Amino acid sequence: METLHPDVQDILLSEEDIRGIVARMGAEITKDYADKNPLVVAVLRGAVVFMADLMRAVDCPIGIDFMAVSSYGDGAKSSGVVRIVKDLDTKIEGRDVLIVEDILDSGLTLSYLMRMLENRGPASVEVAAFLVKDVPGNAPAVKPRYVGAHVPDEFIVGYGLDFAERYRNLSYIGILKPEVYQK
Ligand code: PRP
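Residues numbered from 1 in each chain as written. Predicted model: local features only at pLDDT ≥ 70, side-chain atom pairs only at ≥ 80, totals over all residues. Heavy atoms only, no water.

(A) Up close: the site of the ligand. Taken together, 15 residues form the shell around the ligand, and within it Glu101, Asp102, Ser106, Gly107 and Thr109 come nearest. Residue Glu101 places a side-chain N or O atom 2.5 Å away from an oxygen atom belonging to the ligand. A distance of 2.5 Å separates an oxygen atom of the ligand from a polar atom in the side chain of Thr109. Isolated, the ligand exposes 500 Å² of accessible area, and the fraction of that covered by the protein chains is 77%. If you list the elements that add at least two residues to the shell around the ligand, you get β5 (96–104) and α3 (108–118). For the shell around the ligand, the per-class residue count stands at 4 nonpolar, 5 polar and 6 charged. (Near = heavy atom within 4 Å. Polar contact = N/O pair within 3.5 Å; in protein donor to acceptor, adjacent residues only side chain to side chain. Areas by Shrake-Rupley, 256 points an atom, 1.4 Å probe, with all protein chains shown as cover. Helix = DSSP H or I, 4+ residues; strand = E, 2+ residues; numbered from the N terminus. Nonpolar A, V, L, I, M, F, W, Y, C, P; charged D, E, K, R; others polar.)

This is the structure we're talking about:
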């Protein structure tokens, strides 16, 4: 049992929960991509922890690559306009692409990214999102093919997710105490 960080209010998903979710998603992906050699693309930085676990839960040939994007706007909310900071090193024409994300909120980052990658003529582009944030009355712009878990509209940290670059190294998914981000 992990010790709770003093800035974390509740654990939403423990290490054990995460292991179960990743194993289930890995099995789904293995089944769907058995003969396809997909390129699995993680979006930096938040997705690296999930990517490292998920790729080892997939039992078929894959390639991996990374992209880094930065949203224009105030940084707190996605504006849907995304600047590519690091592009793929791999050509994706005719290739099956699976984008790995840590969390889908508005979905604007991903919908922009998917459109951009689709323009390069891949065989397919799908999304594996570890978390999908449920915001009442606000359906995400993208529907991921694989979803780990749904989380409430709270400040979620850990397992790659940050607040001001902190907490990414927590091994569980937690809700940040409001007094930490309202300071
Ligand atoms: C987070 C997350 C997604 C995006 C989701 O990244 O990793 O890329 O926000 O938001 P959206 O669905 O509303 O577009 P962030 O910009 O915080 O960068 P990080 O991965 O480096 O933490």
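Having put the structure on the table, let's press on.
(B) Structural detail: the side chain of Glu101. By secondary structure assignment, the location of Glu101 is in strand β5. One buried charged residue, Glu101, forms no salt bridge at all, with the nearest opposite charge on Arg168 at 8.9 Å. Every residue in contact with Glu101, bar those within four places of it in the chain, is listed here: Val43, Ala47, Phe50, Thr109, Leu110, Ala128, Ala129 and Phe130. (Buried < 20%, exposed > 50% of the residue type's maximum accessible area, 1.4 Å probe, protein only. Lys, Arg positive; Asp, Glu negative; His and termini not counted. Salt bridge = Lys/Arg side-chain N within 4 Å of Asp/Glu carboxyl O. Contact = heavy atoms within 4.5 Å.)

(C) Broad picture of the sheet that holds strand β8 (residues 156–157). Reading across from one edge, β1-β9-β8 is the order of the 3 strands in this open sheet, with antiparallel pairing throughout. The open sheet is flanked by β1 (8–13) and β8, the only strands paired with a single partner. In the sheet, β1 pairs with strand β9 (residues 173–176) via 4 bridges, with the strands oriented antiparallel. For Ile11, the partnering residue across the bridge sits in β9 and is Gly174. Contacting β1 and β9, helix α1 (residues 15–33) crosses the sheet at an angle of about 30° to β1. (Pairing = 2+ DSSP bridges. Axes fitted to C-alpha atoms, helices over the stretch in contact; angles between N-to-C directions.)

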